[in-house]
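# Remarks on the overall topology
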Amino acid sequence: MTACMAFGHRVGYLRRQNGLSQEELAERANLSREFISMVENSKTGLRVDSLVNIANSLGVSADDILVDCLEHSASTADSELHRLLLDCTETEEYILTQMAKALKAILSSWGI
């Protein structure tokens, strides 16, 4: 899959996760529905300002969208832990984050 295709698939996935139609995303991002369709189907690239508008409209970082497209990324956006946290309530996320911090401290104290 090319970087452009991965990007388009990620935009479509995140749009559906947010329960948005292409038209609703286009309206929020100040773009046309046709343009959103072309992005999702890898028929066009986009400018940085359009990427930022799409990311903001989906409530994600640009890195979350680009993670599948980058050969070198420090992002954890596609990690199992990140996907788990995306499906949590605010309270669940807080508890899991505190547990992860505690476990990380334990591992560090063991020299791992």
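Quick notes on the rules
- Residues numbered from 1 in each chain as written.
- Predicted model: local features only at pLDDT ≥ 70, side-chain atom pairs only at ≥ 80, totals over all residues.
- Heavy atoms only, no water.
- Axes fitted to C-alpha atoms, helices over the stretch in contact; angles between N-to-C directions.
- Helix = DSSP H or I, 4+ residues; strand = E, 2+ residues; numbered from the N terminus.
- Parallel < 35°, antiparallel > 145°, perpendicular 65-115°, else oblique.
- Left-handed = near helix turned anticlockwise from the far one by under 90°.
- Contact = heavy atoms within 4.5 Å.
- Nonpolar A, V, L, I, M, F, W, Y, C, P; charged D, E, K, R; others polar.
- Core = buried A, V, L, I, M, F, W, Y, C linked by side-chain atoms within 4.5 Å.
- Buried < 20%, exposed > 50% of the residue type's maximum accessible area, 1.4 Å probe, protein only.

## Comments concerning the packing of helix 2 (residues 22-29) against helix 4 (residues 48-58)
Here helix 2 crosses helix 4 at 115°, and the two axes come no closer than 8 Å. Taken as axis vectors, helix 2 and helix 4 run roughly perpendicular relative to one another. Crossing handedness for the pair helix 2 and helix 4: right-handed. Of the residues in helix 4, those touching helix 2 at L25, R28 and A29 are N53, I54, S57 and L58. Its residues assigned to classes, the contact of helix 2 with helix 4 shows 4 nonpolar, 2 polar and 1 charged.

## Quick word on the nonpolar core
One finds F7, V11, L25, I54, L58, V60 and I65 to be the most contacted residues of the largest nonpolar core, which totals 15 residues. The element best represented in this core is helix 4, accounting for 4 residues. Leaving out residues up to four positions away in the same chain, V60 has contacts with L14, A55 and I65.

## Here's the deal with the packing of helix 2 against helix 3 (residues 33-40)
How two helices sit against one another is set out by the angle between their axes and by the gap between those axes. Helix 3 packs onto helix 2 with a crossing angle of 110° between their chain directions and a minimal axis gap of 8 Å. By the angle between their directions, the pair helix 2 and helix 3 is classed as roughly perpendicular. For the pair helix 2 and helix 3, contact is made by Q22, E23, L25 and A26 and by R33, I36, S37 and E40, respectively. Of the residues belonging to the contact of helix 2 with helix 3, the class tally is 3 nonpolar, 2 polar and 3 charged.

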